[in-house]
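# Report on the structure
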Amino acid sequence: MTTLITDDHPNTLLDHQWISSDQAVEYLKTIKERTDNQLRDFSLLFNPTLSAGLVVKQYRYKILLVGKTGCGKTSLIRALMGKEFSTINAQPTLGIQTTNIYWPVRVNQPNKPIFMFRLDFWDVGHTSSTRFDYIDKDSVDSLDMVLFVVSATDRESFNELPTLIEQKRSQCSTSRPFISLVFVTKFDQLAVLTENDAKEFQAKYKIPVYLCSNTYSNMRLATSYLNLIAEKLYRRDLELIGQKNLGNQMKEAKFLIDEETNRLEGELKSGTLSKVHASKHFIVGGRDKLTFVNE
């Protein structure tokens, strides 16, 4: 698996090198298979068993994989767990298959807090989602990220990507936008798509594109992709928090202006000049705050 994207945020919010440290080893022991260097699927009922000294705050994210039958969605999830990426003799997914991966991260802040991200991957069978409306609706509810998966042997699906992405965006809340990533699988199997096609798509739509090979997959590569996914989710969360705080400040400034405007009108009628001046200063302060928030 190789990547095309050059990260548009060179100053990362997460410490991507921390996962290779001695401290991270203790966390990785709780989320990896005991016999293999692969991540465990904890299903819906189980959590990693952390010792008292490793207790950390957890954040849960819902990640949907979208793509036609046979494009490699299930194989991509296997690769993200450090398993062999193989689409040979793969069986189509029926209904919804969920895989829950836990991934520890350390934040680039002075106190370097460590969080555990629970990544819930939803692999929805293409046939099932088109036949049953409720599956499609459930899959986009409270969505955080969508991995759009296409085969490098299927140019038609690649050309339909912009329409598909807009369709998914229209189904989700505008106040809580999801992150879009594109994975092009089977890049080593008679591909009709080229690296240039991926670069042009990435430049035009500002969506990262990754090229996947069946012959190259391991835990080291999975680590880089999980760090990247965690980075984008964490950055999105901070942006949403910032927008919420910004909205609250704007409401506060507008309330101040409206409140003092009403008071000013009352004082003008009563003729109390000192109170008129006081109300005017409150209004000016509210407008200054609103200007500052908008900037």
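Residues numbered from 1 in each chain as written. Predicted model: local features only at pLDDT ≥ 70, side-chain atom pairs only at ≥ 80, totals over all residues. Heavy atoms only, no water.

As annotated in an unreviewed UniProt entry, the protein carries the name Ciliogenesis and planar polarity effector 2 and comes from Rotaria sordida. Under the heading Sequence similarities (unreviewed entry), UniProt records this for the protein: "Belongs to the small GTPase superfamily. Rab family." On record in UniProt, under Subcellular location (unreviewed entry), the comment for the protein is "Cytoplasm, Cytoskeleton, Cilium basal body". (UniProt positions renumbered as here; feature names shortened; annotations may be inferred.)

Along helix H6 (residues 161–171), the residues classified as buried are Leu161, Pro162, Ile165 and Lys168. An end-on view of H6 places all buried positions within 130 degrees of arc, on one side of the element. Exposed residues pointing more than 90 degrees away from the buried face of H6 are listed as Thr163 and Ser170. (Buried < 20%, exposed > 50% of the residue type's maximum accessible area, 1.4 Å probe, protein only. Helix = DSSP H or I, 4+ residues; strand = E, 2+ residues; numbered from the N terminus. Arc of directions from axis to C-beta.)

Right, let's get into the packing of aromatic side chains. The way to describe two aromatic rings as a pair is by their centre distance and the angle between their planes. For the structure on display, the rule yields eleven aromatic pairs. Residues Phe115 and Tyr234 carry aromatic rings whose centres are separated by 6.4 Å and whose planes lie at 45 degrees to one another, so their mutual orientation is tilted. Taken together, the residues span a long stretch of sequence, with Phe115 in strand S4 (residues 114–124) and Tyr234 in helix H8 (residues 219–270) at a distance of 119 residues. A residue is classified by how much of its surface remains accessible, and Tyr234, at 9% relative accessible area, is buried. Ring geometry for Tyr210 against Tyr225: centres 5.3 Å apart, planes inclined by 70 degrees, an arrangement best described as edge-to-face. Remark: Tyr225 occurs in helix H8 and Tyr210 occurs in strand S7 (residues 209–211); sequence separation between them is 15 residues. Each member of the pair Tyr210 and Tyr225 is classed as buried. Cluster of aromatic residues (ring-pair linked, three or more members): Tyr59, Tyr61, Phe115, Phe117 and Tyr234. Taking the ring centre of Trp122 as reference, the NZ or CZ of Lys62 above it sits at 3.9 Å. (Phe/Tyr/Trp six-rings, centres within 6.5 Å; stacked < 30°, edge-to-face > 60°. Lys NZ or Arg CZ within 6 Å of the ring centre and 35° of its normal.)

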